[in-house]
Amino acid sequence: MMLVGTGAALGACLRYLVTTLIKRHSHFNFPWATLLINLSGAFCLGFLTGSQVVNPFLGTGLMGGFTTFSTFNTEVFALGDGGLKTLAVLYLVISYLGGLALALAGLLLGKTC
């Protein structure tokens, strides 16, 4: 339990840092930070699973605290409500298909290590 909690706390801090850095340098009304976080998290969790290094600290804790499905959903609705329906759909498709593709890539790469 302590490993999961510690990993989640570190993952959340890392997510906050990445979000802050990207938002500081992004001038376009698109949730780049969440997209990058969720796609990289999918790849990392796939890699950890493939290499059989997944454990409560890294998998459930760190990756669970780092990635953010709730923020993703809120941002999809915010884009749509803001009149950017096409961008909302694009974000949704890139997130899901990109996440699946990167999780698979990480899984396959992890199996080779």
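Further up the page is the structure itself.
Summary of the structure given here. Values in this document were obtained by computation on a predicted structure and should not be read as measured data.

Here is what the cut-offs are and how they apply
Residues numbered from 1 in each chain as written. Predicted model: local features only at pLDDT ≥ 70, side-chain atom pairs only at ≥ 80, totals over all residues. Heavy atoms only, no water. Helix = DSSP H or I, 4+ residues; strand = E, 2+ residues; numbered from the N terminus. Contact = heavy atoms within 4.5 Å. Axes fitted to C-alpha atoms, helices over the stretch in contact; angles between N-to-C directions. Left-handed = near helix turned anticlockwise from the far one by under 90°. Nonpolar A, V, L, I, M, F, W, Y, C, P; charged D, E, K, R; others polar. Phe/Tyr/Trp six-rings, centres within 6.5 Å; stacked < 30°, edge-to-face > 60°. Buried < 20%, exposed > 50% of the residue type's maximum accessible area, 1.4 Å probe, protein only. Expected span 1.5 Å × (residues − 1). Core = buried A, V, L, I, M, F, W, Y, C linked by side-chain atoms within 4.5 Å.

**Some remarks on the side chain of Thr68**
Within the secondary structure, Thr68 is located in the loop between α3 (56–66) and α4 (69–81). If sequence neighbours within four positions are ignored, Thr68 has contacts with Arg15, Thr34 and Asn38.

**Quick look at the packing of helix α1 (residues 2–25) against α3**
In contact at an axis separation of 6 Å, α1 and α3 are set at 35 degrees when each is read in the N-to-C sense. As for how α1 packs across α3, the hand of that crossing is right-handed. Residues Leu3, Val4, Thr6, Gly7, Ala8, Leu10, Gly11, Ala12, Leu14, Arg15 and Val18 of α1 form the contact with α3, whose participating residues are Pro56, Phe57, Thr60, Gly61, Leu62, Gly65 and Phe66. Residue composition of the contact of α1 with α3, grouped by class: eleven nonpolar, six polar and one charged.

**Points about the packing of aromatic side chains**
Tallied over the entire structure, the rule returns six aromatic pairs. Pairing Phe72 with Tyr91 gives two aromatic rings, centres 5.2 Å apart and planes at 65 degrees, and the pair type is edge-to-face. Of this pair, Phe72 sits in helix α4 while Tyr91 sits in helix α5 (residues 85–112); the two residues are 19 residues apart in sequence, bridging distant segments of the chain. Across the pair, Tyr91 and Phe72 agree in class, each one buried. Between the aromatic rings of Phe72 and Tyr96, the centroid separation amounts to 5.5 Å while the plane-to-plane angle is 80 degrees, which identifies the pairing as edge-to-face. One end of the pair, Phe72, is in helix α4; the other, Tyr96, is in helix α5, and 24 residues separate them in sequence. Given a relative accessible area of 3%, Phe72 falls into the buried group. Judged by its relative accessible area of 40%, Tyr96 falls in the partly exposed class. Members of the aromatic cluster, each reached through a chain of ring pairs, are Phe30, Trp32, Phe69, Phe72, Tyr91 and Tyr96.

**Some points on helix α2 (residues 32–50)**
Its 19 residues give α2 an end-to-end C-alpha distance of 27 Å, which sits within 8% of 27 Å, the value for a rise of 1.5 Å per residue. Where α2 is concerned, the buried positions are Ala33, Thr34, Leu35, Ile37, Asn38, Leu39, Gly41, Ala42, Gly46, Leu48 and Gly50. Considering only its buried residues, α2 is in contact with α1, α3, α4 and α5. Following α2 by one or two positions, Gln52 adopts a phi angle in the positive range, close to 55 degrees.

**Regarding the environment of Leu84**
With respect to the helices, strands and loops of the structure, Leu84 is situated in the loop between α4 and α5. Residue Leu84 is classed as partly exposed on the basis of its relative accessible area of 29%. Spatially, the C-alpha atom of Leu84 lies 37 Å from that of Val4, the residues being 80 residues apart in sequence. Those residues in contact with Leu84 that lie beyond four places of it in its chain are Asn29 and Leu79.

**Re the nonpolar core**
By size, the foremost hydrophobic cluster in this structure holds nine residues: Phe30, Leu35, Leu39, Phe72, Val76, Leu79, Leu87, Ala88 and Tyr91. Those residues within four positions of Leu35 in sequence are excluded, and the remaining contacts are Phe30, Tyr91, Ile94 and Ser95. Judged by nonpolar contacts, the second largest core, of six residues, contains Val18, Leu62, Met63 and Phe66.

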